[in-house]
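What follows is the residue order along each chain.
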Amino acid sequence: AQTVTQSQPEMSVQEAETVTLSCTYDTSESDYYLFWYKQPPSRQMILVIRQEAYKQQNATENRFSVNFQKAAKSFSLKISDSQLGDAAMYFCAYLYYTGANSKLTFGKGITLSVRP
Amino acid sequence: DAGVIQSPRHEVTEMGQEVTLRCKPISGHDYLFWYRQTMMRGLELLIYFNNNVPIDDSGMPEDRFSAKMPNASFSTLKIQPSEPRDSAVYFCASRRQDTGELFFGEGSRLTVL
């Protein structure tokens, strides 16, 4: 079974600084998707960034980028120039699908606080 | 598009009562998922549908939980009878066959007293 591990329950970063959130996963598949979702206090789940496993290039979305290490099964999220609005819970997620089978598995999440 | 629509946003009920949560997925999406979020257990997948057919319900906690998807634009998650340990936020999400991203509703916060 696929599992997603976020070992750090909480992190804190100074505004304008850079922070990296860690995630590891376990799978025997070679083709899959990885995601980072953000959940602010409003509880809405917002997609931050996605990565297809077959792509070697790390995904980037403005201030957000990932370090995808397929062999190590590691998928970390880097937030540059942190802003107060980045304070939220962040979830790493893994998706594998074949035919009709499609299951998105989440890690436990990490709470990020941003200090002004 | 309006996004995934869930109702109610908040529900407070007493133990033993029936609870029905509703979801309207994004039009054209083939998959619909029900997740439960609690502090202790995080986000748990309860059940998901493909083209209105349940594919995997192994996450449904027990027989008190049931889910239906009578058509492509509507799904329900029912708890009968409800218990205090069912208190959680329940999310519905949908996605298209050809993309990986899930789009989430705003969640239904259930409190069972």
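Residues numbered from 1 in each chain as written. Chains lettered and ligands numbered in written order. Predicted model: local features only at pLDDT ≥ 70, side-chain atom pairs only at ≥ 80, totals over all residues. Heavy atoms only, no water.

1. What to know about the overall build of chain A
Next up, step 1: Within chain A, the secondary structure is distributed over 0 helices and 12 strands.
Next up, step 2: For chain A, the N- to C-terminal ordering of α and β elements is β-β-β-β-β-β-β-β-β-β-β-β.
Next up, step 3: What you see for chain A is a C-alpha radius of gyration of 14 Å, in line with the 13 Å of a compact globule of 116 residues.
Next up, step 4: Judged by the C-alpha coordinates and their principal axes, chain A covers about 45 × 30 × 20 Å.
Next up, step 5: When burial is assessed residue by residue, chain A has 47% of its 116 residues classed as buried. (Helix = DSSP H or I, 4+ residues; strand = E, 2+ residues; numbered from the N terminus. Rg over C-alpha atoms; globule rule 2.2 N^0.38 Å. Buried < 20%, exposed > 50% of the residue type's maximum accessible area, 1.4 Å probe, protein only.)

2. Let's talk about the interface of chain B and chain A
Next up, step 1: Contacts between the two partners involve 30 residues from chain B, matched on the other side by 21 residues from chain A.
Next up, step 2: Roughly 2000 Å² of surface becomes buried between chain B and chain A when both sides are summed, with 48% attributable to carbon and sulfur atoms.
Next up, step 3: Inspection of the chain B/chain A interface yields 1 salt bridge.
Next up, step 4: Among the salt bridges present, the one from Lys 103 of chain A reaches Asp 56 of chain B, with a minimum N-O distance of 2.8 Å.
Next up, step 5: Counting across the chain B and chain A interface gives 11 residue pairs in polar contact (both at pLDDT 80 or more).
Next up, step 6: For the side of chain B that touches chain A, the secondary-structure elements that each account for two or more residues are β4 (31-38), β5 (42-50), β6 (53-56), β9 (88-95) and β11 (108-112) of chain B.
Next up, step 7: Among the residues forming the side of chain B that touches chain A, the class breakdown is 12 nonpolar, 10 polar and 8 charged. (Contact = heavy atoms within 4.5 Å. Buried area = accessible area lost by both parts, 1.4 Å probe. Salt bridge = Lys/Arg side-chain N within 4 Å of Asp/Glu carboxyl O. Polar contact = N/O pair within 3.5 Å; in protein donor to acceptor, adjacent residues only side chain to side chain. Nonpolar A, V, L, I, M, F, W, Y, C, P; charged D, E, K, R; others polar.)

3. Re the environment of Lys 78 of chain B
Residues and elements named next belong to chain B.
Next up, step 1: Here Lys 78 lies in strand β8 (residues 74-79).
Next up, step 2: Once the C-alpha coordinates of Lys 78 and Arg 36 are considered, the two residues, 42 residues apart in sequence, prove to be 13 Å apart.
Next up, step 3: Contact partners of Lys 78, with chain neighbours within four places excluded, come to Glu 18, Val 19, Thr 20, Arg 64, Phe 65 and Ser 66.

4. Looking at the pattern of salt bridges
Next up, step 1: Enumeration over the complete set of coordinates arrives at 14 salt bridges over all chains.
Next up, step 2: Within this structure, Glu 62, Arg 64, Glu 83, Arg 85 and Asp 86 of chain B form a network of salt bridges that share partners.

5. So, the packing of aromatic side chains
Each aromatic ring pair is characterised by the separation of its centres together with the angle its planes make.
Next up, step 1: Overall, the coordinates contain 18 aromatic pairs over all chains when judged by the stated rule.
Next up, step 2: Arranged with centres 6.5 Å apart and planes meeting at 40°, the rings of Tyr 31 of chain B and Tyr 48 of chain B form a pair that is tilted. Of this pair, Tyr 31 of chain B sits in strand β4 while Tyr 48 of chain B sits in strand β5, and the two are 17 residues apart along the sequence. Each member of the pair, Tyr 31 of chain B as well as Tyr 48 of chain B, carries the same accessibility label: buried.
Next up, step 3: Here the aromatic cluster, defined as three or more aromatic residues joined through ring pairs, consists of Tyr 33, Phe 35, Tyr 37, Phe 91 and Phe 106 of chain A together with Tyr 31, Phe 33, Tyr 35, Tyr 48, Phe 91 and Phe 104 of chain B.
Next up, step 4: Its end group placed over the ring of Tyr 31 of chain B, Arg 95 of chain B keeps NZ or CZ at 4.6 Å from the ring centre. (Phe/Tyr/Trp six-rings, centres within 6.5 Å; stacked < 30°, edge-to-face > 60°. Lys NZ or Arg CZ within 6 Å of the ring centre and 35° of its normal.)

6. Re the environment of Gln 8 of chain A
Residue and element names in this part refer to chain A.
Next up, step 1: In this fold, Gln 8 is placed in the loop between β1 (3-5) and β2 (10-14).
Next up, step 2: Residue classification places Gln 8 among the partly exposed positions, given a relative accessible area of 24%.
Next up, step 3: Along the backbone, Gln 8 and Lys 108 are 100 residues apart, and their C-alpha atoms lie at a distance of 9.3 Å.
Next up, step 4: Look past the residues within four positions of Gln 8 in its chain and what remains in contact with it is Leu 21, Ser 22, Gly 109 and Ile 110.
Next up, step 5: Separated by 3.3 Å, the side chain of Gln 8 and the backbone nitrogen of Ser 22 make a polar contact.

7. Here we look at the state of the cysteines
Note on terminology: a disulfide is the covalent bond linking the sulfur atoms of two cysteines.
Residues and elements named next belong to chain A.
Next up, step 1: Under the definition given, this model contains 2 disulfides over all chains.
Next up, step 2: Across the disulfide from Cys 23 sits Cys 92; the S-S distance is 2.0 Å. Across the S-S bond of Cys 23 and Cys 92 the torsion is about -70°, and the bridge reads as left-handed. Of this pair, Cys 23 sits in the loop between β3 (19-21) and β4 (24-26) while Cys 92 sits in strand β10 (residues 88-98), and the two are 69 residues apart along the sequence. Residue Cys 23 shares its accessibility class with Cys 92, and that shared class is buried. (Disulfide = S-S within 2.5 Å.)

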